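These are the residues of each chain, in order.
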Amino acid sequence: MAITILTDPKTRQPKLRLVLPDDIHDGPVSVVGSFNDWTPGRHRLVRRANGTRSVTVPVAAGQRLQFRYLGSGGRWFDDPDAERMHTDGGVVGIVDV
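Residues numbered from 1 in each chain as written. Predicted model: local features only at pLDDT ≥ 70, side-chain atom pairs only at ≥ 80, totals over all residues. Heavy atoms only, no water.

Student: Explain the sheet that holds strand E1 (residues 2-7) to me, using residue names and the numbers behind them.
Tutor: Sheet architecture is open: four strands sit in the order E1-E2-E5-E4, paired in antiparallel fashion. Both edges of this open sheet fall to E1 and strand E4 (46-47), since each of them pairs with a single strand only. Two elements, E1 and strand E2 (residues 14-21), share six bridges in a ladder whose sense is antiparallel. Residue pairing across strands places Ile5 opposite Leu16, the latter belonging to E2. (Pairing = 2+ DSSP bridges. Helix = DSSP H or I, 4+ residues; strand = E, 2+ residues; numbered from the N terminus.)

Student: With reference to specific residues and values, describe the pairing of strand E6 (residues 64-71).
Tutor: Here five bridges tie strand E3 (residues 29-33) to E6, and the two strands are oriented antiparallel to one another. Note that in E6 the partner of Val32 across the bridge is Arg68. For E6 and strand E7 (residues 75-77), the ladder comprises three bridges, and the chain directions are antiparallel. Along E7, the bridge assignment pairs Tyr69 with Phe77.

Student: Now, about the packing of aromatic side chains: what can you tell me, with residues and values included?
Tutor: Counting across every chain of the model gives two aromatic pairs. Relative to Tyr69, the ring of Phe67 lies with its centre 5.8 Å away and its plane at 80 degrees, an arrangement referred to as edge-to-face. For the residue pair Phe67 and Tyr69, the accessibility class agrees, reading buried in each case. Put simply, the rings of Phe67, Tyr69 and Phe77 pair up and form one aromatic cluster. (Phe/Tyr/Trp six-rings, centres within 6.5 Å; stacked < 30°, edge-to-face > 60°. Buried < 20%, exposed > 50% of the residue type's maximum accessible area, 1.4 Å probe, protein only.)

Student: Would you mind going over the pattern of salt bridges in detail, with residue names and values included?
Tutor: Enumeration over the complete set of coordinates arrives at four salt bridges. For the salt bridge of Lys15 with Asp8, the shortest nitrogen-to-oxygen distance reads 3.5 Å. On the basis of relative accessibility, which here comes to 28%, the residue Lys15 falls in the partly exposed class. The class for Asp8 is buried, based on a relative accessible area of 19%. As a salt-bridge pair, Asp22 and Arg53 come within 3.2 Å of each other at their nearest N and O atoms. Of this pair, Asp22 sits in the loop between E2 and E3 while Arg53 sits in strand E5 (residues 52-58); the two residues are 31 residues apart in sequence, bridging distant segments of the chain. Given a relative accessible area of 24%, Asp22 falls into the partly exposed group. Each of the salt bridges in this network shares a partner with another, and the network as a whole consists of Asp22, Arg47 and Arg53. (Salt bridge = Lys/Arg side-chain N within 4 Å of Asp/Glu carboxyl O.)

Written out as structure tokens, the structure reads:
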């Protein structure tokens with residue numbers, strides 16, 4: 001699993017890229033969190049040819065984000081690569097750009 005913070009070169013807006021192994025869950029997986037009002041399905045991870053699935057989400061600079069993954073059947077799970085864990089899931093800090 002991987003968490004990467006990217007910066008759009010044109011807009012300078014940060015983006016959060018989340019990558020999971022494809023075999024982590026049989027069905028669809030979305031990331032839900034403070035950046036999307038905890039809305040399931042809004043940011044679905046897409047299967048890639050390299051055996052992973054990923055999503056890139058635009059986020060505001062300078063904020064701490066909480067998130068979890070939601071798989072089909074209502075299965076919630078966390079990302080062990082998060083900076084720290086909280087009762088509402090993983091936490092990652094977004095650096096100012």
